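This is what each chain is made of:
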Amino acid sequence: MPLRPVDIAGRAIGPGHPCWIIAEAGVNHNGSLDMARRLIDVAADARADAVKFQTFKTERVVTSSAPKADYQLRSTDAAESQYDMLRKLELSPEAHHELVGYCQRRGVLFMSSAFDEESADFLEALGVPAFKMPSGEITNLPLLDHVARKGRPIILSTGMSTLDEVETAVDTIYRTGNRDLVLLHCVSAYPTDPKDVNLRAMSTMEAAFGIPVGYSDHTPGIEVALAAVALGAPVI
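Numbering of residues starts from 1 in each chain and follows the order in which that chain's sequence is written. With the structure being a predicted model, the display of local features is reserved for residues of pLDDT at least 70 and the display and counting of side-chain atom pairs for 80 or more, all residues being used for whole-chain, interface and lining totals. Think of the side-chain values as coming from all heavy atoms in the structure, minus any hydrogens and water.

Draft legend 1. Local environment of the packing of aromatic side chains. In this scheme Phe, Tyr and Trp rings, the latter by its six-membered ring, pair at centre separations within 6.5 Å, and the angle between planes marks the pair as stacked below 30 degrees, edge-to-face above 60, and tilted otherwise. Under the defined criterion, the tally for this structure stands at two aromatic pairs. Between Phe53 and Phe110, the aromatic rings sit 5.8 Å apart at their centres with planes inclined by 20 degrees, giving stacked as the arrangement. Remark: Phe110 occurs in strand β5 (residues 109-114) and Phe53 occurs in strand β4 (residues 50-55); sequence separation between them is 57 residues. Of the two residues, Phe53 and Phe110, neither departs from the other in class, the shared state being buried. When the centroid spacing of 6.0 Å and the interplanar angle of 80 degrees are considered together, the rings of Phe56 and Phe115 count as edge-to-face. Here Phe56, found in the loop between β4 and α2 (58-61), pairs with Phe115, found in the loop between β5 and α6 (117-126); they are 59 residues apart in sequence, far enough to count as distant. For a Lys NZ or an Arg CZ to count as sitting over a ring, it must be within 6 Å of the ring centre and within 35 degrees of the ring normal. Looking at Arg179, its charged tip hangs above the ring of Tyr174, at a distance of 3.8 Å from the centre. Numbering of helices and strands runs from the N terminus, with a helix taken as a DSSP run of H or I at least four residues long and a strand as a DSSP run of E at least two residues long. The classification of residues rests on relative accessible area computed with a 1.4 Å probe and restricted to protein chains. Under 20% of the type maximum is buried, over 50% is exposed, and intermediate values are partly exposed.

Draft legend 2. Representation of the side chain of His218. You can see His218 is positioned in the loop between β9 (213-216) and α10 (223-230). Residues in contact with His218, not counting those within four places in the same chain, are Cys186, Val187, Ser188, Ala189, Tyr190, Pro191 and Thr192. Contacts: residue pairs with any heavy atoms within 4.5 Å of one another.

Keep in mind these numbers describe shape, not what the thing actually does.
And the structure:
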């Protein structure tokens with residue numbers, strides 16, 4: 001049975017349609033609005049379809065005593081707490097509005113990952129056409145339920161999860177009546193060694209759930225992403 005494409009901002013996402021490219025800005029703006037605009041410029045100049053940031057309230061996603069991850073320690077001040085690091089990386093509501101407008105002027109779609117319910121509500125009010133849910137929230141079923149009830153398409157990353165956990169997340173979203181879902185195969189290593197990618201996981205999840213499955217890439221270079229597209233990934 002052919003997969004049903006998912007419509008995001010007038011674009012069909014699924015087999016037989018051009019691959020949708022999301023440029024990951026994340027928190028690489030380092031808290032600088034000017035840097036965020038420069039990241040949008042790079043995405044627009046590369047003709048990406050969307051550029052994605054992260055939206056969160058630090059006190060809702062991490063405790064004051066949470067240690068940094070190893071990859072964070074390699075590139076940031078080891079004496080600084082993860083809480084303090086993340087606080088510096090929050091984008092204000094005013095910055096969000098500025099970046100949405102800048103994306104519109106540059107002809108690229110604004111997206112952002114929601115890490116908590118308050119942030120999801122803000123993104124809904126901001127008018128995002130779809131929600132991106134990060135791998136770390138795939139077992140946060142109350143958050144998935146909250147976002148799914150907004151009735152907008154969801155792109156869900158699946159890093160570090162088992163097939164059973166993905167199934168539970170899919171069922172949680174479907175129970176709200178929202179069936180506009182795209183999964184992304186993802187390996188949560190920074191960077192990911194190409195030998196660890198296992199792109200065939202895309203076809204495994206597609207067969208298991210009958211929905212489009214793309215690829216969230218953490219490898220250096222573009223070779224693995226190109227291979228994913230060759231294997232049919234509808235989203236990178």
